[in-house]
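Observations on the model geometry
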Amino acid sequence: MKNNTKEYWDAVYEKGEGKYNALLQESVSLLKDFGFIKGTILDLGCGKGELVQNLSVNGSNTIGYDISYVAIEKGKLEFPLIADKLFVGDVTSIPENNDTIILHMVYAFIENKKDFIEQIKSKLSPGGILIISTPVRTPANSMYITRPEVSVTEEDVQIVKDTLGTFTILKGKYSVGDFMFIVAKK
Ligand SMILES: C[S@@+](CC[C@H](N)C(=O)[O-])C[C@H]1O[C@@H](n2cnc3c(N)ncnc32)[C@H](O)[C@@H]1O
């Protein structure tokens with residue numbers, strides 16, 4: 001089953017897999033460092049909502065969307081305080097005018113990357129912040145070169161930068177080993 005379908009992700013969460021969040025603390029620190037824990041934050045591909053929970057207890061107005069119904073239902077049970085902040089959906093279902101959108105280990109699973117980034121752009125408020133983190137595979141990166149299904153290429157990174165166009169890149173580098181973080185302002 002292709003890993004960009006809701007059925008695939010439902011099966012992952014049914015099996016009790018999906019304990020990701022390797023870079024959760026890194027994202028929270030980034031948001032704090034940049035002073036972004038304010039306004040509305042949307043975590044797309046939020047899984048069970050661990051980051052939504054973390055940011056909510058840090059005083060933000062954060063909501064999460066995920067394509068997997070199972071992930072969202074499990075998240076509501078695990079994190080009852082944010083149960084009303086978790087929703088099933090993809091980029092086409094999320095609200096407009098978000099101050100911050102987070103894509104945490106999601107970009108690799110998107111088929112039409114340019115179209116996806118275009119849609120994300122349109123869902124940000126003027127001055128809004130986009131944070132993307134994802135593994136990147138390069139010739140020097142043996143770990144992800146053998147895992148193309150969960151990583152992106154440098155060309156895919158360039159698609160983000162090209163599609164964002166006039167956005168200001170506040171941070172864009174391989175900041176944690178082979179993981180890329182891009183922080184961009186509309
Ligand atoms: C590797 S997990 C990352 C989960 C979480 N963001 C984290 O960092 O721990 C990828 C998540 O993206 C979700 N996902 C995949 N494609 C999606 C899409 N097109 N729209 C929304 N969520 C999607 C999956 O259901 C899954 O929960």
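What you see is a predicted model, and the numbers here were worked out from it, not measured in a lab.

Each value, and the rule that gives it
- Residues numbered from 1 in each chain as written.
- Predicted model: local features only at pLDDT ≥ 70, side-chain atom pairs only at ≥ 80, totals over all residues.
- Core = buried A, V, L, I, M, F, W, Y, C linked by C-beta atoms within 7 Å.
- Buried ≥ 20, exposed ≤ 12 C-beta atoms within 10 Å, placed from the backbone.
- Helix = DSSP H or I, 4+ residues; strand = E, 2+ residues; numbered from the N terminus.
- Contact = placed C-beta atoms within 7 Å.
- Arc of directions from axis to C-beta.
- Pairing = 2+ DSSP bridges.
- Right-handed = clockwise from strand over helix to strand, strands pointing away.
- Axes fitted to C-alpha atoms, helices over the stretch in contact; angles between N-to-C directions.
- Left-handed = near helix turned anticlockwise from the far one by under 90°.
- Nonpolar A, V, L, I, M, F, W, Y, C, P; charged D, E, K, R; others polar.

Turning our eyes to something else, we now look at the nonpolar core. By size, the foremost hydrophobic cluster in this structure holds 45 residues, and its most contacted members are Leu44, Ile101 and Leu130. When residues of this core are assigned to their parent elements, the largest contribution, five residues, is made by strand 5 (residues 124-135). If we ignore the near neighbours within four places in the chain, the residues touching isoleucine 101 are Leu42, Leu44, Ile120, Lys123, Leu124 and Leu130.

What follows covers the environment of asparagine 61. Assignment of secondary structure puts asparagine 61 in strand 2 (residues 61-66). Overall, asparagine 61 belongs to the partly exposed group, with 14 C-beta atoms counted inside 10 Å. Sequence-wise, asparagine 61 and glycine 39 are 22 residues apart; in three dimensions their C-alpha atoms are separated by 6.4 Å. In this view, asparagine 61 contacts Gly39, Thr40 and Ile41; residues no more than four positions away in its chain are not counted.

On to helix 2 (residues 24-33). Among all positions of helix 2, only Ser27, Leu30 and Leu31 are buried. Looking straight down helix 2, one finds that the buried residues subtend no more than 95° of arc, so they occupy a single side. With respect to the buried face of helix 2, the exposed residues turned more than 90 degrees away are Gln25, Ser29, Lys32 and Asp33. The inward-facing, buried residues of helix 2 contact helix 3 (50-57), strand 4 (98-104), strand 5 and strand 7 (179-185). Glycine 35 sits one or two residues past helix 2 and shows a positive phi near 70°.

The next thing to look at is the pairing of strand 1 (residues 40-44). Counting buried positions along strand 1 yields four of five residues, so the element is predominantly enclosed. Both strand 1 and strand 2 contribute to a ladder of five bridges, which runs parallel. In the sheet register, leucine 42 faces strand 2, and the bridge partner there is isoleucine 63. Note that the unit made of strand 1, helix 3 and strand 2 has a crossover that is right-handed. One ladder, built from four bridges, connects strand 1 with strand 4; its direction is parallel. By the bridge assignment for strand 4, aspartate 43 is matched with isoleucine 102.

Before going further, it helps to examine the packing of helix 2 against helix 3. A packed helix pair is summarised by two numbers, namely the angle formed by the two axes and the spacing between the axes. Packing of helix 2 against helix 3 leaves a shortest axis separation of 10 Å and a crossing angle of 35°. Here the hand of the crossing between helix 2 and helix 3 comes out right-handed. Here Leu24, Ser27 and Val28 of helix 2 lie close against helix 3, whose contacting residues are Glu50, Leu51, Asn54 and Leu55. When the residues that make up the contact of helix 2 with helix 3 are grouped by side-chain class, the tally is four nonpolar, two polar and one charged.

Quick look at the pairing of strand 4 now. Within a regular beta strand, the side chains point alternately toward one face of the sheet and then the other, so they alternate between its two faces. With six of its seven residues buried, strand 4 lies for the most part within the structure. Sheet topology note: the strand 4/strand 5 ladder contains six bridges and is parallel. Across the sheet, residue isoleucine 102 finds its bridge partner in strand 5, namely isoleucine 131.

With that out of the way, let us pick up helix 3. Taking burial as the measure, the eight residues of helix 3 include six buried ones, the bulk of the element. Here helix 3 has its buried residues at Glu50, Leu51, Val52, Gln53, Asn54 and Leu55. For helix 3, the elements touching its buried residues are helix 2, strand 1, strand 2, strand 3 (86-88) and strand 4. Glycine 59, located one to two residues past helix 3, shows a positive phi value of around 90°.

The values reported here are purely geometric and, on their own, carry no functional implication.
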